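Fold and contact review
Here are the chains, one letter per residue:
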Amino acid sequence: MKVQKDHSVAFSWFGIIAVATFIISWICAASIDTAWEFGVNVLSEFGISDTDARFYFNYGCIIAGALVIVFGFGHIATAKNAGHTVGGAFLAAGGIMLLLIGLITMDSHDPHYFVAVSAALFVFCSVVAVAAGNWAAGQKMFAGIGICVSLTVAAMVFVYSVAEIGAYGIILGMIWLLAESVRMIVSGRKN
């Protein structure tokens, strides 16, 4: 008889550490570049700052993106339904784009905008797919978190500026990523 180990807890830590990494890089960048204003400037402006904020932001995106990629693949590896599998694939793609945000800075214009918008869309699609997977798995509370996050972000598109959508959207995405990491910890292979 072969025993299969559950690695969902190990993979969930990649999501938690990704969020912590991005929060720390954002805090460090904001404390160094005091000209940046929440909701007025887009986050990517840290990446081209004249201060050392650019190093914190760009390296934070690269490291957090790599961690999100692993978390996304872990989501696929430990999933038991199509929603979780598809959501993990979208999340891994979003992690790749987040990593690229740190490499392709805002001064490159169109390539940066492409990866930034792609990152947001892939993570949004992941939230929707995972919410469906959580609903199908009977995990209604975690599905509800995904539904609330996706509806809130969708509503923000109609009322906020790009800078506000980016800042609030990233905060909501990090809350969802933490909640999904917790779901993986508490549910193990029961997805």
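Residues numbered from 1 in each chain as written. Predicted model: local features only at pLDDT ≥ 70, side-chain atom pairs only at ≥ 80, totals over all residues. Heavy atoms only, no water.

What to know about the packing of helix α4 (residues 110-136) against helix α6 (residues 162-187)
With their axes 12 Å apart at the nearest point, α4 and α6 run at an angle of 30° to one another. Between α4 and α6, the angle falls in the class roughly parallel. α4 and α6 meet at a crossing whose hand is left-handed. Across the interface between the two elements, Ser-126, Val-127, Val-130 and Asn-134 from α4 touch Trp-176, Glu-180 and Arg-183 from α6. Its residues placed into classes, the contact of α4 with α6 shows 3 nonpolar, 2 polar and 2 charged. (Axes fitted to C-alpha atoms, helices over the stretch in contact; angles between N-to-C directions. Helix = DSSP H or I, 4+ residues; strand = E, 2+ residues; numbered from the N terminus. Parallel < 35°, antiparallel > 145°, perpendicular 65-115°, else oblique. Left-handed = near helix turned anticlockwise from the far one by under 90°. Contact = heavy atoms within 4.5 Å. Nonpolar A, V, L, I, M, F, W, Y, C, P; charged D, E, K, R; others polar.)

Details of unusual backbone geometry
Residue His-109 is not a glycine yet carries a positive backbone phi of 60°. Among the secondary structure elements, His-109 is positioned in the loop between α3 (82-103) and α4.

A few points about the side chain of Ser-25
Mapped onto the elements, Ser-25 comes out in helix α1 (residues 8-32). Within the structure, the side chain of Ser-25 is placed 2.9 Å from the backbone oxygen of Phe-22, a separation counted as a polar contact. (Polar contact = N/O pair within 3.5 Å; in protein donor to acceptor, adjacent residues only side chain to side chain.)

Regarding the side chain of Ser-187
Position of Ser-187 among the secondary structure elements: in helix α6. On the basis of relative accessible area, Ser-187 is assigned to the buried category, the value being 7%. (Buried < 20%, exposed > 50% of the residue type's maximum accessible area, 1.4 Å probe, protein only.)

Overview of the layout of surface pockets
Rolled over the atoms, a probe with the dimensions of a water molecule shows which regions are left empty. By volume, the largest pocket is sized at about 1100 Å³. Forming the walls of the largest pocket are 41 residues, and the residues nearest its centre are Ala-116, Ala-119, Ala-120, Gly-166 and Ile-170. Where the lining of the largest pocket is concerned, the elements lending two or more residues are α1, α2 (53-78), α3, α4, α5 (140-159) and α6. Considering only residue class, the lining of the largest pocket consists of 33 nonpolar, 8 polar and no charged. (1 Å grid on protein atoms, 1.4 Å probe; cavity = no way out; pocket = protein on both sides within 12 Å on 5 of 7 lines; lining within 4 Å. Points joined across faces, edges and corners; volume = space filled by probe spheres on them.)

As for the pattern of salt bridges
Counted under the stated rule, the structure contains 1 salt bridge. Note that Glu-180 is salt-bridged to Arg-183, the shortest N-O span being 2.5 Å. Taken as a pair, Glu-180 and Arg-183 lie in helix α6 at a separation of 3 residues, close to a single helical turn. Arg-183 gets classed as buried once you look at its relative accessible area, which sits at 0%. (Salt bridge = Lys/Arg side-chain N within 4 Å of Asp/Glu carboxyl O.)

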